[in-house]
Amino acid sequence: MALTVDEAIARVPQWANATNMKISSLDGGITNSNFRVDVGGESFALRIAGADTDMLGINREYEHAANLAAGKLGIAPEVIYVIQPEGYLVTRFISARPFPPEEIRQPDNIRKVMEVVRQIHSMPEIPGTFSVFRTIEEYAEIARRYHVEFPEKFGWLMERTQAAEAALMKNPEPLRPCHNDLLNANFLIDGRIYVLDWEYAGMGDIFFDLANFSDHHELTDEQDQWLLECYFGETTPRHTAHLKIMKVMSDFREAMWAMVQIGISQLDFDYRGYADRFFGRVLDNINDSRWNQWIKEMNKNV
């Protein structure tokens, strides 16, 4: 059972006997409940985890470790306290503005985001691992357990996914610290860029982060080439193929995340519509004639 916001606040030692505290709800979360707490002339963010978020592959200890490391680099909110055993995070509230898609997609801003992403990938090793392929499989198992209805072509999609993983594993990338959830709501800017929400962070394939950012911000083929140039200093057919395959896997992961939420979430959100939208994108892209070209490129020996 999740704590109420008052119960959570009572567990934070720094706020004991505090007077003149102001609590306000923060909008935008589709997994957790988030609050701003103003006290003692300072502002903080309090996250109360949604129900059964462990089924989404979230480990609160791993989240804490990743957020702590990124906070020390100044690219994430500073961690102030962790409410245990629930793992609810209290972080410094960042007084920065959203970074809307139409702005973040500008060439200079893509370059700045890639600089931050390289910082993430250069962090010391963090606990936990993330594989989009294992995540899709685990989400499917949980959704079945909750009797969630699957799309008609799900088996066909899984066959294509397995072929994609086999191609990528011919010459696997070394695992590095990754955020793994670079949707637009997780960025703030105030002259510098901050990355929020480290729930899915772990050691993983850097191309998933690149693809996840591109996918959520609907970058064009031309913008993808610029993203790769900003990150690597060059673009190669192999970079492009890896990125494009992972963009499709990012959509598939998003659809399966929503399938689990259909079964477990208590929040008022249209998870079915969310899942259908992303399943549609996966189908369209795997049916694209370039899909087999990308797989062929990744199957080459290097």
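Residues numbered from 1 in each chain as written. Predicted model: local features only at pLDDT ≥ 70, side-chain atom pairs only at ≥ 80, totals over all residues. Heavy atoms only, no water.

Colleague: Give a description of the pairing of strand 4 (residues 79-83) that names residues and reports values.
Modeller: Sheet analysis places strand 4 next to strand 5 (residues 88-92), joined by four bridges and oriented antiparallel. Residue pairing across strands places Ile83 opposite Tyr88, the latter belonging to strand 5. (Pairing = 2+ DSSP bridges. Helix = DSSP H or I, 4+ residues; strand = E, 2+ residues; numbered from the N terminus.)

Colleague: Got a sec to walk through the packing of helix 4 (residues 107-121) against helix 8 (residues 221-232)? Specific residues and values, please.
Modeller: Between helix 4 and helix 8, whose axes approach to 9 Å, the crossing angle comes to 45 degrees. Taken together, the axes of helix 4 and helix 8 are oblique relative to one another. Between helix 4 and helix 8 lies a crossing whose hand is right-handed. Residues Pro107, Ile110, Arg111, Met114, Val117, Arg118 and His121 of helix 4 lie in contact with helix 8, whose contacting residues are Gln223, Trp226, Leu227, Cys230 and Tyr231. (Axes fitted to C-alpha atoms, helices over the stretch in contact; angles between N-to-C directions. Parallel < 35°, antiparallel > 145°, perpendicular 65-115°, else oblique. Left-handed = near helix turned anticlockwise from the far one by under 90°. Contact = heavy atoms within 4.5 Å.)

Colleague: Describe the side chain of Arg47, listing the residues and the values that go with them.
Modeller: Position of Arg47 relative to the elements: it lies in strand 3 (residues 42-48). A polar contact of 3.4 Å, which involves the side chain of Arg47, links it to the side chain of Asp197. Those residues within four positions of Arg47 in sequence are excluded, and the remaining contacts are Asn32, Ser33, Asn34, Arg60, Glu63, Tyr88, Leu89, Asp197 and Glu199. (Polar contact = N/O pair within 3.5 Å; in protein donor to acceptor, adjacent residues only side chain to side chain.)

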